[in-house]
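The chain contents come next:
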Amino acid sequence: MKKIITLLFLSVSFCLFAQINFENSLENAFKKAKQQNKAVFIEYYNETCSVCKKVQPFLDSKNVGNVYNTLFISYKINTNQEISESDQDFLKKHKLFFKDVPNFIYFDANENFLHYTQGKADADYINTAAGEALNPAKQTRTLASRIQKG
C-alpha cells in the first residue's frame, strides 16, 4: 500500500510540475533521440544572465515542459561553467558561435541542424519555436533556399 501511495504521489507530482527533462550529455541526448524518433533541443544559456533567469521559469512550466518532453530530447549548455570538450567540438563541427545568450538550437536525431532562435521569456514564443523547428517551411536551415525562391 505504501508503494502504491508513493507511486501515485510521484505520478501526480510529475503531472503538476512537468518541466523540460534535460539529459546529462549531448551524446545521451542524440542516442535517446534516435531511439525515440525525436529531435534534439539544446538550451545554450548562462545561469548568471538576467534574460536567461527570466526564461527559466517558462522552461520549468508544465505548458512548455509537456510540449518539449513530447517532441524533443533536451540538453543544456551552460556558458557560465567550462563547456566540455565534446560540447565545444559539437558546436565547432556545426559552425555554431554565439555572442550572447540565451539561444535555443534544434537538431534532428542524426545531428542535422534544423533551427535556431534566441530565447525569450514567453511560453507561447518558446512553444512556437518548437513548432518552427519541426516545420521545414519555418526552419532556419531552409531560410537561404526560401529567400532564393522569393
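Just so you know, these numbers come straight off a predicted model, no measurement behind them.

Reading the values: rules and limits
- Residues numbered from 1 in each chain as written.
- Predicted model: local features only at pLDDT ≥ 70, side-chain atom pairs only at ≥ 80, totals over all residues.
- Heavy atoms only, no water.
- Helix = DSSP H or I, 4+ residues; strand = E, 2+ residues; numbered from the N terminus.
- Buried < 20%, exposed > 50% of the residue type's maximum accessible area, 1.4 Å probe, protein only.
- Contact = heavy atoms within 4.5 Å.
- Areas by Shrake-Rupley, 256 points an atom, 1.4 Å probe, with all protein chains shown as cover.
- Salt bridge = Lys/Arg side-chain N within 4 Å of Asp/Glu carboxyl O.
- Pairing = 2+ DSSP bridges.
- Phe/Tyr/Trp six-rings, centres within 6.5 Å; stacked < 30°, edge-to-face > 60°.
- Lys NZ or Arg CZ within 6 Å of the ring centre and 35° of its normal.

Asker: Give me the lowdown on the overall build of the chain, citing residues and values where you can.
Answerer: A tally of regular secondary structure across the chain gives 7 helices and 5 strands. Along the chain, helices (α) and strands (β) appear in the sequence α-β-α-β-α-α-β-α-β-β-α-α when read from the amino end. Counting across all 150 residues of the chain, residues that qualify as buried make up 37%. Considering only contacts in the chain between residues 6 or more positions apart, those separated by 24 or more positions represent 67%. Within the structure as shown, the chain displays about 9,300 Å² of accessible surface, and the carbon and sulfur contribution to it stands at 55%.

Asker: Describe the pattern of salt bridges, listing the residues and the values that go with them.
Answerer: For side chains of opposite charge, pairing can occur when their charged atoms come near one another. This model, assessed by the stated rule, comprises 3 salt bridges. Among the ionic pairs, lysine 93 bridges to glutamate 111, the shortest N-O distance being 3.1 Å. Separated by 18 residues along the polypeptide, lysine 93 in helix α5 (residues 85-93) and glutamate 111 in the loop between β4 (103-107) and β5 (113-118) bring together distant segments of the chain. Under the relative-accessibility criterion, lysine 93 is labelled exposed at 56%. Overall, the relative accessible area of 26% leaves glutamate 111 in the partly exposed class.

Asker: Would you mind going over the pairing of strand β2 (residues 39-45) in detail, with residue names and values included?
Answerer: Two faces, one strand: in a regular strand the side chains alternate between the faces of the sheet. Taken across its 7 residues, β2 has 7 buried, putting it largely inside the fold. Burial of the side chains of β2 extends over both faces: Ala39, Phe41, Glu43 and Tyr45 are buried on one face and Val40, Ile42 and Tyr44 on the other. When β2 meets strand β3 (residues 72-78), the two strands line up parallel, connected through 7 bridges. In the sheet register, valine 40 faces β3, and the bridge partner there is isoleucine 73. Pairing between β2 and β4: 5 bridges, direction antiparallel. Its bridge partner lying in β4, tyrosine 44 is registered against asparagine 103.

Asker: Explain the packing of aromatic side chains residue by residue, including any values.
Answerer: Following the criterion strictly, the structure yields 14 aromatic pairs and no others. Considering the side-chain rings of phenylalanine 72 and tyrosine 106, the 5.3 Å spacing of their centres and the 50° angle between planes classify their relative orientation as tilted. Pair noted here: phenylalanine 72 is in strand β3 and tyrosine 106 is in strand β4, with a separation of 34 residues, a long-range link. Ring geometry for phenylalanine 98 against tyrosine 116: centres 5.5 Å apart, planes inclined by 25°, an arrangement best described as stacked. Here phenylalanine 98 is found in the loop between α5 and β4, whereas its partner tyrosine 116 is found in strand β5, with 18 residues between them in sequence. Grouping aromatic residues by their ring pairs yields a cluster made of Phe22, Phe41, Tyr68, Phe72, Phe104 and Tyr106. Sitting over the ring of phenylalanine 22, lysine 76 keeps its end group 4.7 Å from the ring centre.

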